[in-house]
Protein chains: 2
Amino acid sequence: MKIVSSILPPEALREEVQKGFPQAEFLFYKGIETAGESFYDAEIFITYGEDLTEEHIHKSKKLKWIMVMSAGMDEMPFKACKEKGILVTNARGIHKIPMAEFALGTMLGHVKQMAALARNERDEVWDRKLPMEELRGKTLLVLGIGAIGGEIARLAKCFGMNVAGVNRSGKDAAGGDRIYSISQLSEILPKADFFVSVLPSTVETRFLLKKEHFAAMKDSAVFINIGRGDLVEEEVLLSVLKTDQISHAYLDVFANEPLPKAHPFWKMENVTVTPHLSSITKNYLPRSFEIFKHNLHTYIKNNKDYINVIDLERGY
Amino acid sequence: MKIVSSILPPEALREEVQKGFPQAEFLFYKGIETAGESFYDAEIFITYGEDLTEEHIHKSKKLKWIMVMSAGMDEMPFKACKEKGILVTNARGIHKIPMAEFALGTMLGHVKQMAALARNERDEVWDRKLPMEELRGKTLLVLGIGAIGGEIARLAKCFGMNVAGVNRSGKDAAGGDRIYSISQLSEILPKADFFVSVLPSTVETRFLLKKEHFAAMKDSAVFINIGRGDLVEEEVLLSVLKTDQISHAYLDVFANEPLPKAHPFWKMENVTVTPHLSSITKNYLPRSFEIFKHNLHTYIKNNKDYINVIDLERGY
């Protein structure tokens, strides 16, 4: 059983994976080009999902299963995989821990005045009069209450926050105290202290939040976007923030990334810019390989117990 | 029933308290000097505990109960209170929420590289290569695992951290996975990623952490002190940090406060200075008055159901 990977993990992780499956021959390469001809005999292929073409799939001789170590799969040649009956699984779900920690860290940083404290430290100023607040008792609205949003909701509830969620259906999901549908948004907007969006970019979510939604929020509201930059039209968000309609925006995602030099967001007092890294973590590969190992056991036993099987028709 | 307060809360809170007890006459003053003669007829006195002298107690005519809206009571004339059989209660326990949130915010800020992200934002640098980590799976040692430490432990466990605690006895307390006594400290020092101290200043805790304790910690260890500044001799901590024996110290408390201008801690790269405000919160007075109201109901009903009765012999 030949397993080719176009991802080259650190040695310790490679050894651990190989040791768990002595019957398999693992070949790890940095990039599919480095793998060269080796790819075409692989029975199993491990990839970030950005390097496979239709030609790769068509020319492959023994390929049965592709493990995509990512959640985004926009560049996967699903049609060719389907034609050749190749199983595709991915690493969906491994973003929830880093993203939820990032969201909570951002909210705590806000109530604990971390930015002002850092400025005071730089100026050697001892000021105990900062308006220190708490998460406890505050209301959080999570936009997109799936796996990631649910983990954010769970942690927020540990802190004694009131949590509401928004999803497509408005049906109850785990974690949120109350779930609203997108069309019911106006009910909850005036009540929330924090808004965290983890929404992906889809036809439904593109420019979903409009001027009037922000107008309905509290003046003290905090907007945190760790989903996708096209949730709000940039001009709308700029205008909302320039006129102080809300208190602060923490933006990890943007319409154009990297955020261009000299973009007004960089210098605005009530905007905090981070470079689309809420999901980044040193544990990314170890955690993806946990899913891979589970699925490889399943593959070897030839049963149905796979994690994250992709429907090749729908593409997710 | 005359109730005098040397604390002047905001009007809304004063009204709420008065409304709850129509049978009582409340007189709120800003400072005991402003109360003047009014103090001497009070049956109940509300104070931060820093304004009462023995003379006040001796000259008081009807004083039965003092509610101290604080946890520290170093300046309370306990002997005189005991002689006159005056009940003393305090607001112990209200620090746990702000302090635990501050501790978690600090740990999350550390793993999520918030300081580096803020520097990059200032310089308009989009850098996604920062070593983003997680709290999940990391080990936290809480020094002083009482009410505050227990709340820190509870939250840390919500994040999937391994939590150990240190207290005087080494006996199990709520919240920690394993409790060590102070003498067993060397066992756990090499295992922890984060050290959070909430220890008060006592004969036993003064200069408790020594050079050799820091030497036993991981190079990557993070030390967070929100207890008291005399837990470590300042020269020891300076030397530990100058020689990078640990990764970072977050210091909210110091031997001398305010931390003097030009003190090396202000500018050290691996030290973050905050001005002793981990326990500060807008909710301080409302929460203290919740305890007061409970105790006033108890006082009126003349039963034993008081919260936080002080042993006047021991002083806590």
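Residues numbered from 1 in each chain as written. Chains lettered and ligands numbered in written order. Predicted model: local features only at pLDDT ≥ 70, side-chain atom pairs only at ≥ 80, totals over all residues.

**Considering the overall build of chain A**
Helices and strands together make up the secondary structure of chain A, namely 12 helices and 12 strands. Projected onto its principal axes, the C-alpha coordinates of chain A cover approximately 65 × 45 × 40 Å. (Helix = DSSP H or I, 4+ residues; strand = E, 2+ residues; numbered from the N terminus.)

**Focus: the interface of chain B and chain A**
Taken together, the contact between chain B and chain A spans 42 residues of the former and 42 residues of the latter. Contributions of two or more residues to the side of chain B that touches chain A are made by helix 5 (96-111), helix 6 (114-122), helix 7 (147-158) and strand 12 (271-273) of chain B. The dominant element in the side of chain B that touches chain A, judged by the number of residues it contributes, is helix 5 of chain B, at 8 residues. Taken together, the residues that form the side of chain B that touches chain A break down as 24 nonpolar, 7 polar and 11 charged. (Contact = placed C-beta atoms within 7 Å. Nonpolar A, V, L, I, M, F, W, Y, C, P; charged D, E, K, R; others polar.)

**A short note on the confidence of the model for chain A**
Per-residue pLDDT for chain A has a mean of 94; in total, 98% of the residues score no lower than 70. The ipTM value of the predicted complex is 0.88, and its pTM value is 0.89. (pLDDT = per-residue confidence, 0-100.)

**Some details on the sheet that holds strand 8 (residues 178-181) of chain B**
All names here are of chain B. Ordered by their spatial adjacency, 7 strands build an open sheet running 8-7-6-9-10-11-12, and the pairing between neighbours is parallel. The open sheet terminates on both sides in strands that have one partner only, identified here as strand 8 and strand 12. Strand after strand, the sheet turns through a mean of 15° between neighbouring axes, direction not considered. Note that strand 9 (residues 194-197) and strand 10 (residues 222-225) share 4 bridges and pair parallel. Its bridge partner being in strand 10, Val 196 is matched across the sheet by Ile 224. Of the strands in this sheet, strand 9, strand 10 and strand 11 (248-251) touch helix 5, which is tilted by about 155° from strand 10. (Pairing = 2+ DSSP bridges. Axes fitted to C-alpha atoms, helices over the stretch in contact; angles between N-to-C directions.)

**Concerning helix 5 (residues 96-111) of chain A**
Residues and elements named next belong to chain A. Here helix 5 contains 16 residues, and its C-alpha end-to-end distance of 23 Å stays within 8% of the 22 Å for a straight helix at 1.5 Å per residue. With respect to burial, helix 5 is a largely interior element, 15 of its 16 residues being buried. Directly beyond the C-terminal end of helix 5, a positive phi value near 60° is found at Gln 113. (Expected span 1.5 Å × (residues − 1). Buried ≥ 20, exposed ≤ 12 C-beta atoms within 10 Å, placed from the backbone.)

**Examining unusual backbone geometry**
Excluding glycine, residues mostly have negative phi values, and the peptide bonds linking residues are mostly trans. Omega for the peptide link from Glu 257 of chain A to Pro 258 of chain A comes to -5°, which places this bond in the cis form. Note on placement: Pro 258 of chain A falls in the loop between strand 11 (248-251) and helix 11 (264-267). Positive phi, close to 55°, is recorded for Glu 124 of chain B, a residue that is not glycine. Positive phi is not limited to glycine here, since Asn 302 of chain B has a value of about 60°. Tracing the backbone shows Asn 302 of chain B in the segment after helix 12 (284-301).

**Quick notes on the sheet that holds strand 4 (residues 65-68) of chain A**
All names here are of chain A. Ordered in space as 2-1-3-4-5, the 5 strands form an open sheet in which the pairing is parallel. Only two strands of the sheet have a single neighbouring strand rather than two, namely strand 2 (25-28) and strand 5 (87-90). Taking each pair of neighbouring strands and ignoring which way they run, the sheet shows an average axis angle of 15°. Pairing of strand 3 (residues 44-47) with strand 4 involves 4 bridges; the strand directions are parallel. Paired with Ile 46 across the strands is Met 67, a residue of strand 4.

**What to know about the relation of the copies chain B and chain A**
When chain B is fitted to chain A, the residual RMSD is 0.3 Å, and the transformation amounts to a turn of 179° plus an axial shift of 0.0 Å. The two molecules are tied by a two-fold rotation axis, judged by turn and shift. Identified as the residue of chain B closest to the rotation axis by C-alpha distance is Gly 105 of chain B, at 2.8 Å. An overlap of 100% is found between the interface residues of chain B and their copies at the interface of chain A, pointing to a shared contact surface. (Least-squares fit on C-alpha atoms with pLDDT ≥ 70 in both.)

**Here's the deal with helix 6 (residues 114-122) of chain A**
Among all positions in helix 6 of chain A, only Met 114, Leu 117 and Glu 121 of chain A are buried. All buried residues of helix 6 of chain A fall inside an arc of 60° around its axis, so they share one side. Considering only its buried residues, helix 6 of chain A is in contact with helix 5 of chain A together with helix 5, helix 6, helix 11 (264-267) and strand 12 of chain B. Immediately downstream of helix 6 of chain A, the backbone of Glu 124 of chain A shows phi near 55°, a positive value. (Arc of directions from axis to C-beta.)

**Some points on the environment of Ala 116 of chain A**
Residue and element names in this part refer to chain A. Within the element layout of this structure, Ala 116 appears in helix 6. For Ala 116, a count of 13 C-beta atoms within 10 Å corresponds to the partly exposed category. Counting along the chain gives 11 residues from Ala 116 to Asp 127, while the straight-line C-alpha distance between them is 9.8 Å.

**Focus: the domain arrangement of chain A**
Domain annotation for chain A reports domain 1 (2-94 + 282-301) and domain 2 (96-273). If you average the C-alpha positions of domain 1 of chain A and of domain 2 of chain A, the two centres end up 36 Å apart. (Domains from an automatic or database assignment.)

**Here we look at the nonpolar core**
Ala 103 and Val 196 of chain A together with Ala 103 and Val 196 of chain B are the most contacted members of the largest nonpolar core, which totals 112 residues. Listed in part, the 31 residues of the second largest apolar core include Val 4, Phe 39, Ile 66 and Phe 292 of chain B. (Core = buried A, V, L, I, M, F, W, Y, C linked by C-beta atoms within 7 Å.)

**Examining the packing of helix 5 of chain A against helix 7 (residues 147-158) of chain A**
Packed helices, taken two at a time, are described by the angle their axes make and the gap between the axes. All names here are of chain A. In contact at an axis separation of 9 Å, helix 5 and helix 7 are set at 45° when each is read in the N-to-C sense. With respect to helix 7, the axis of helix 5 lies oblique. In terms of crossing hand, the pair formed by helix 5 and helix 7 is right-handed. Of helix 7, the residues touching helix 5 (which contributes Lys 96, Ile 97, Met 99, Ala 100, Ala 103 and Leu 104) are Ala 147, Ile 148, Glu 151, Ile 152 and Leu 155. (Parallel < 35°, antiparallel > 145°, perpendicular 65-115°, else oblique. Left-handed = near helix turned anticlockwise from the far one by under 90°.)

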